[in-house]
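Summary of structural features
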Amino acid sequence: MKKYSHLQKFIFAIIVLSIFACSKDSTKKIKQEAKFIGKETCKSCHEEEYNSWVGSDHDKAMAVATDSSVLGNFNKSEFKFEGVTSKFYKKGNKFFVRTNGPHGKIGEFEITHTFGYKPLQQYLIPFENGRYQCLPIAWDTEKEKWFSLAEAIYSDDIPKPNDWLYWTNNAQNWNGMCAECHSTNLQKNFDPKTKIFNTTYSEINVSCEACHGPGSNHKEWAESPKMIRTTDSNFDLIVKTSNISSKKYVELCTYCHSRRASLSHLDYKSKHSLDMIIPGALDENYFPDGQILEEDYVYASFAHSKMYENDVSCRNCHNVHSGKLILEGNTLCAQCHVPNVYDTPKHHFHKLQLEKGKPLILKDKIYQVGEGAKCINCHMPGRYYMGNDFRRDH
């Protein structure tokens, strides 16, 4: 067996350390250059999470208009509002609407994308300079009919063609107002000199990397032999989603699930969401007692709640991939609140299901016997937004 001198061993050690150092430097460089690789790349290793996400509101946040994605009736259907009869129809595989457009003039417009899924679906129409505008007529997926978003939102004060709120003007511009929270890696790319948008995204909907960040480094980590993987790298993902505090976990959702002003685009390397946004506080969008009045997109009301104060986070109630509740009915609340104390008539003063009684009718919502015994109906009252979307206070 060959023996090595102390000098040879020393030189060999220096070489090994140099290679290791270069490897670490190379890893750091790769991390800074992480790329978006798409949901299909994630599927092979994370099939359970992927299948849970499929069909979710995040999955259906936006899509190219096709026979499978469009839910509205485009079989030569009509909708009348404010003296205008809007017509919905198809030409081959393309979807069209004939309605009042810029300056109030009637015209034909092609619908290229769906926006949202349920309980209403909106539609996007391309205009010049790379702009996409949100059609003010939406499809009610529950009642299966067209309805006017302008009427539902503005009531008797319907925006006129010269109003900022009119559907072909800036308030209803997809690129600037809506896009960044409905797609993955969205870049608005607006040129203030030419006033042209060149908006791009890596995936059209809210996919894996919208929450976890660009995944190329993680893919490389997963494909590397275990002996050379770094042990403190968060699996080489930019966004840390495990072994973090409840407050940090809520922050993962804050950028999109808050009514806020933007300071920058979504930066996955940012240490705090407040570096990117200024969330709305308890202001004129809330009732004097703190309950929601206007849309708050959940975060602000939740951040002012006792649940947030006691380290409850989104995942304690919601499956983070499907968005669905992890338990049904009062069982969800019984994770923290002892049912023998709180899930009793002595606490909620209401009849239980199957007991005799009459339903309570409030406007267009009917509460059946037993509904009053549900925790959320007292502690998380809701309101309708965008016409038919019932959202609960958090």
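Some points on the overall build of the protein
Counting secondary structure elements, the protein contains 14 helices and 18 strands. In the protein, the share of contacts with a sequence separation of at least 24, taken over all contacts with a separation of at least 6, comes to 46%. Counting every atom, the protein has about 25000 Å² of accessible surface; 55% of that belongs to carbon and sulfur. Averaged over its 50 positive side-chain charges, the protein has a centre that lies 4 Å from the centre of its 47 negative ones.

As for the nonpolar core
If you look at soluble globular proteins, the nonpolar side chains tend to sit buried side by side. Among the nonpolar cores identified, the biggest contains 18 residues, and Phe 74, Phe 88, Ile 111, Ile 125, Leu 135 and Trp 146 are the most heavily contacted of them. At the level of elements, β4 (94-100), β5 (106-111), β7 (120-126) and β9 (137-140) are the ones that each hand at least two residues to this core. Beyond its immediate sequence surroundings of up to four residues, Trp 146 is in contact with Gly 72, Asn 73, Phe 74, Ser 77, Glu 78, Phe 79, Phe 88, Tyr 123, Ile 137, Ala 138 and Trp 139. The next biggest cluster of nonpolar side chains, apart from the first, holds nine residues, and it includes Met 62, Phe 115, Leu 124 and Cys 178.

Quick look at the sheet that holds strand β2 (residues 77-81)
Strands sit in the order β2-β3-β4-β5 across an open sheet of four strands; the sheet is antiparallel. In this open sheet, the two edge strands, each paired with only one partner strand, are β2 and β5. When the angles between neighbouring strand axes are averaged without regard to direction, this sheet yields 20°. Examined bridge by bridge, β4 and β5 share six bridges and lie antiparallel to one another. What sits directly across from Thr 99, in β5, is Gly 107.

Some words on the side chain of Asp 59
Here Asp 59 is to be found in the loop between α3 (47-53) and β1 (62-64). It turns out Asp 59 is buried and unbridged, and the closest side chain with the opposite charge, Lys 60, is 4.8 Å from it. Not counting residues within four places of it along the chain, the set of residues in contact with Asp 59 comprises Trp 53, Val 54, Asn 205 and Val 206.

So, the pattern of salt bridges
This structure, assessed with the given rule, holds ten salt bridges. In this structure, Arg 260 engages Glu 180 in a salt bridge whose closest nitrogen and oxygen atoms are separated by 3.1 Å. Of this pair, Arg 260 sits in strand β13 (residues 260-262) while Glu 180 sits in the loop between α5 (174-178) and β11 (190-191); the two residues are 80 residues apart in sequence, bridging distant segments of the chain. Classification of Arg 260 as partly exposed rests on a relative accessible area of 21%.

Here's the deal with the pairing of strand β17 (residues 382-385)
Looking along a regular strand, one sees the side chains alternate between the two faces of the sheet. Inspection of the sheet shows β17 paired to strand β18 (residues 389-392) by four bridges, in the antiparallel sense. Residue pairing for β18: Arg 383 is matched across the bridge by Arg 391. Between β17 and β18, which pair antiparallel one after the other, the connecting turn spans three residues, and Met 386 there sits at a positive phi close to 55°.

Some details on a nonpolar patch on the surface
Residues Val 338, Val 341 and Tyr 342 make up a contiguous nonpolar surface patch of about 260 Å² in total accessible area. You can call Val 338 partly exposed: its relative accessible area is 46%.

Observations regarding unusual backbone geometry
In this structure, the amide linkage connecting Lys 118 to the following residue, Pro 119, adopts the cis form with an omega of 0°. With respect to the element layout, Pro 119 can be found in the loop between β6 (113-115) and β7. Of note in this structure, Phe 235 is not a glycine but carries a positive phi near 60°. Within the secondary structure, Phe 235 is located in the loop between α7 (216-223) and α8 (246-254). Phi at Asn 243 takes a positive value of approximately 55°, unusual for a residue other than glycine. Mapped onto the fold, Asn 243 is located in the loop between α7 and α8.

Describing the pairing of strand β10 (residues 145-148)
Here β9 pairs with β10 via four bridges, running antiparallel. Bridging across to β10, Ala 138 finds its partner in Phe 147.

Looking at the confidence of the model for the protein
The share of residues in the protein with pLDDT of 70 or more is 92%, and the mean pLDDT across the chain is 91. Predicted confidence is poor over residues 21-30, with pLDDT under 50, and the contacts of this stretch with residues over four places away or in other chains come to two contacts.

A look at the environment of Leu 274
Along the chain, Leu 274 falls in the loop between β13 and β14 (277-279). With relative accessibility at 45%, the residue Leu 274 sits in the partly exposed group. For the pair Leu 274 and Gln 187, spaced 87 residues apart in sequence, the C-alpha separation works out to 20 Å. With sequence-adjacent residues up to four places away left out, Leu 274 is seen in contact with Leu 263 and Pro 279.

Observations regarding the environment of Ala 179
Residue position: Ala 179 is located in the loop between α5 and β11. Looking at Ala 179, the relative accessible area reads 0%, which means it is buried. Separated by 30 residues in the primary sequence, Ala 179 and Glu 209 place their C-alpha atoms 16 Å from one another. Ignoring sequence-local partners within four residues, the contact set of Ala 179 consists of Trp 174 and Leu 186.

Re the state of the cysteines
All chains considered together, the criterion is met by zero disulfides. Cysteine Cys 178 remains unbridged, with the sulfur of Cys 134 as its closest cysteine sulfur at 4.0 Å. Summary of cysteine pairing: Cys 314 is not part of a disulfide, and the nearest cysteine sulfur, belonging to Cys 253, is at 3.9 Å. Look at Cys 314 and you get partly exposed, because its relative accessible area is 23%.

Thresholds, definitions, all that
Every residue gets a number counted from 1 within its own chain, in the order that chain's sequence is written. In keeping with the model being predicted, local features are shown solely for residues with a pLDDT of at least 70 and side-chain atom pairs are shown and tallied solely at 80 or more, while totals for entire chains, interfaces and linings include all residues. Excluded from the side-chain calculations are hydrogens and water; all other atoms, namely the structure's heavy atoms, are used. A run of DSSP states H or I qualifies as a helix once it reaches four residues; a run of E qualifies as a strand once it reaches two. Both are numbered from the N-terminal end. Two residues form a contact once any of their heavy atoms are found within 4.5 Å. All accessible-area figures derive from a Shrake-Rupley calculation using a 1.4 Å probe, and residue coverage is judged against the displayed protein chains alone. We treat Lys and Arg as the positive residues and Asp and Glu as the negative residues; His and chain ends play no part in the count. Where a charge lies is defined by one atom per residue type, namely NZ (Lys), CZ (Arg), CG (Asp) and CD (Glu). What makes a nonpolar core is a set of buried Ala, Val, Leu, Ile, Met, Phe, Trp, Tyr and Cys residues whose side-chain atoms join them at distances within 4.5 Å. Relative accessibility thresholds used throughout: buried, under 20% of the residue-type maximum; exposed, over 50%; partly exposed, between the two (1.4 Å probe, protein chains only). The pairing criterion for strands is at least two bridges between them, as found by DSSP. An axis is simply a line fitted to the C-alpha atoms; with a helix, the fit covers only the stretch in contact. Between two such axes, the angle follows the N-to-C directions and lies from 0 to 180 degrees. Throughout this description, the term salt bridge denotes a Lys or Arg side-chain nitrogen within 4 Å of a carboxyl oxygen of Asp or Glu. Here, patches come from residues exposed beyond 30% relative accessible area and free of salt bridges, joined within 9 Å for like charges and within 5 Å for nonpolar side chains (Val, Leu, Ile, Met, Phe, Trp, Tyr). On a range of 0 to 100, pLDDT expresses the predictor's confidence in each residue. Disulfide: a pair of cysteine sulfur atoms within 2.5 Å of each other.

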